[in-house]
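A closer look at the structure
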Amino acid sequence: MTKLAVSQLRTALLDWYDRSGRTLPWRLRPEDRAKGAVADPYAVWLSEIMLQQTTVPHATPYWHRFLERWPTVEALAEADDDDVMAAWAGLGYYARARNLLACARMVAGEMAGRFPDDLDTLRTLPGIGDYTANAIRAAAFDKPASVVDGNVERVLTRLFRIETPLPKAKPDIRKRAAVLADPDRPGDYAQAIMDLGATVCTPRSPDCATCPWAAHCAAHAAGVEIDYPRKLVKTRKPVRRGIAYAVTRRGAIWLRKRPEKGLLGGMMEVPSTEWGEAAPADAPPFAANWQPCGTVRHVFTHFTLDLAVVRAEAPEGWQPPDGRFVARADMDGQALPSLFGKVVALVAD
DNA sequence: GAGGCGTGGTA
DNA sequence: TTACCAAGCCT
């Protein structure tokens, strides 16, 4: 790219962004930034972790609740693990919540409560990778950075009509993104290029008529926008099956904690058989007349789960080997993933 | 570096 | 229903 082309692209994008009026609660508006307002790195970091592979409408209420309950990184660092996991329940990718706490404790402890502003130090913190480090540097500190997320990948593979499929094209995309990034307005530029991907250069129906880069876009010139980015074809996800045993006692249900690592790590569960592609072998916690309640279908990233739910009232004197009985009214305070929320909902009172 | 890791919305 | 998608990180 020539210097002139880079300059034209930056100007067109930032003009579009300044006029767009789009605001997100964790972002500084350009006019406020121009007036000297500064961002709260804690609030920015929190938003970036929550937004990893998560839509803005889904993450937004969680962000407000977390900020109200734990207003500072010190407050979050002192929180109980179980409270944080319960507050994260329903947001998915639960390793993010465990890393969130670990990161908060590192920042509150050895970093004296201040988030670092250099990429190398940011990258050492748990849950912060290449994208998030650059996003924090740009949004929280307004320092030169180059954010490359799914939006930017889509915009740039179309702009330059990059034929290499993802993820192989990432190094090339990163180089081009770094050339384009505006060192004079890093925070606004980062927000602008992501907004462009989120609102104009969308996957299925890009609105090229309003795009500030349409005149420069190689894919648009050929009318093949939605063919980019190129991607490797994915394999079909398998179906796994299991049986969940809902043990009730006077309306309460037996819940226990899952192992800290792996799928739904550290979250609560209704006990079940193993989940496999073969029909599950029945393995109830005690002999009883188990009543079928129906089947829950739940889709994970790499497999679909069909979980048959059966229910029995616990015999007098029977005690769960781990976990405890939780009343329906107390389910909201539990770290209960959506899957088991569906299971509990199937178990009639 | 390829696969594990949630959830809810949309076509 | 099925497939794909959403501001990725970690191992």
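Residues numbered from 1 in each chain as written. Chains lettered and ligands numbered in written order. Predicted model: local features only at pLDDT ≥ 70, side-chain atom pairs only at ≥ 80, totals over all residues. Heavy atoms only, no water.

Stated precisely, the cut-off is as follows: UniProt positions are given in the numbering used here, feature names are shortened, and annotations may be inferred rather than shown by experiment.
The name given to chain A in an unreviewed UniProt entry is Adenine DNA glycosylase, with Hyphobacterium marinum as the source organism. Turning to chain A, the UniProt record has this under Catalytic activity (unreviewed entry): "Hydrolyzes free adenine bases from 7,8-dihydro-8-oxoguanine:adenine mismatched double-stranded DNA, leaving an apurinic site."

1. Side note on the protein's contact with DNA strand C
Cut-off, in case you're wondering: When we say a residue is near a molecule or strand, we mean one of its heavy atoms is within 4 Å of it. For the purposes of these results, a polar contact is taken to be a pair of N or O atoms within 3.5 Å, where, inside protein, one atom must be able to donate a hydrogen and its partner to accept one; residues adjacent in sequence count only when each atom of the pair is a side-chain atom.
Around DNA strand C, the structure places 27 residues, and the nearest of them are L24, G127, D149, N151 and P203. Backbone atoms, meaning sugar and phosphate, make up 72% of the atoms of DNA strand C lying within 4 Å of the protein. A distance of 3.4 Å is found between a phosphate oxygen of DNA strand C and a backbone nitrogen or oxygen belonging to Y131. At a separation of 3.3 Å, a phosphate oxygen of DNA strand C approaches a polar backbone atom of G150.

2. A look at the packing of helix α10 (residues 150–159) against helix α12 (residues 186–200)
When two helices pack together, their arrangement is captured by the angle between the axes and the distance separating the axes. Basically, it comes down to this: To obtain each axis, a line is fitted to C-alpha atoms, and for helices this fit is confined to the stretch in contact; angles are then taken between N-to-C directions over 0 to 180 degrees. Secondary structure counts use DSSP, requiring at least four H or I residues in a row for a helix and at least two E residues in a row for a strand, with both numbered from the N terminus. These descriptions rest on fixed angle ranges, namely under 35 degrees for roughly parallel, over 145 for roughly antiparallel, 65 to 115 for roughly perpendicular, and the rest for oblique. Here, residues are in contact when the closest pair of their heavy atoms is within 4.5 Å.
It is the contact of α10 with α12, at a shortest axis distance of 8 Å, that shows an interaxial angle of 80°. Here α10 is positioned roughly perpendicular relative to α12, judged by the angle of their axes. In this structure, α10 contributes N151, V152, R154, V155 and L156 to the contact, and α12 contributes I193, M194, L196, G197 and A198.

3. Digging into the packing of helix α3 (residues 41–50) against helix α7 (residues 95–108)
The cut-off we apply is this: Left-handed describes a crossing whose near helix is turned anticlockwise from the far helix by less than a right angle; the clockwise case is right-handed.
Closest axis-to-axis distance for the α3/α7 pair is 11 Å, and the angle between their directions is 160°. Between α3 and α7, the interaxial angle falls into the category roughly antiparallel. Of the two elements, α3 crosses α7, and the hand of that crossing is right-handed. Contacts between α3 and α7 involve W45, L46, I49 and M50 from the former and R96, L100, C103 and A104 from the latter.

4. Topic: the protein's contact with DNA strand B
To keep it simple, the criterion reads: Each residue gets one of three labels, nonpolar for Ala, Val, Leu, Ile, Met, Phe, Trp, Tyr, Cys and Pro, charged for Asp, Glu, Lys and Arg, and polar for the others, Gly among them.
Neighbouring DNA strand B are 20 residues; L264, H298, V299, T301 and H302 lie closest to it. Considering the 4 Å shell around the protein, atoms of DNA strand B inside it are sugar or phosphate in 61% of instances. Within the contact set of DNA strand B, a phosphate oxygen lies 2.7 Å away from a side-chain nitrogen or oxygen of Y94. In this structure, a base nitrogen belonging to DNA strand B sits 2.6 Å away from a side-chain N or O atom of T301. Within the residue set of the surface near DNA strand B, elements represented by two or more residues are β4 (291–299) and α14 (338–346). Tallied by class, residues from the surface near DNA strand B come to nine nonpolar, ten polar and one charged.

5. Observations concerning the domain arrangement of chain A
Interface size is often expressed as the accessible area that is lost when the parts come together. Stated formally: For each domain, the first and last residues come from an automatic or database assignment. Salt bridge, as used here, is a side-chain nitrogen of Lys or Arg placed within 4 Å of a carboxyl oxygen of Asp or Glu.
Here chain A is partitioned into domain 1 (3–227) and domain 2 (239–346). Each of domain 1 and domain 2 has a C-alpha centre, and the two are 37 Å apart. In this complex, domain 1 contributes eight residues to the contact, which on the side of domain 2 involves 14 residues. Connecting domain 1 to domain 2 are one salt bridge.

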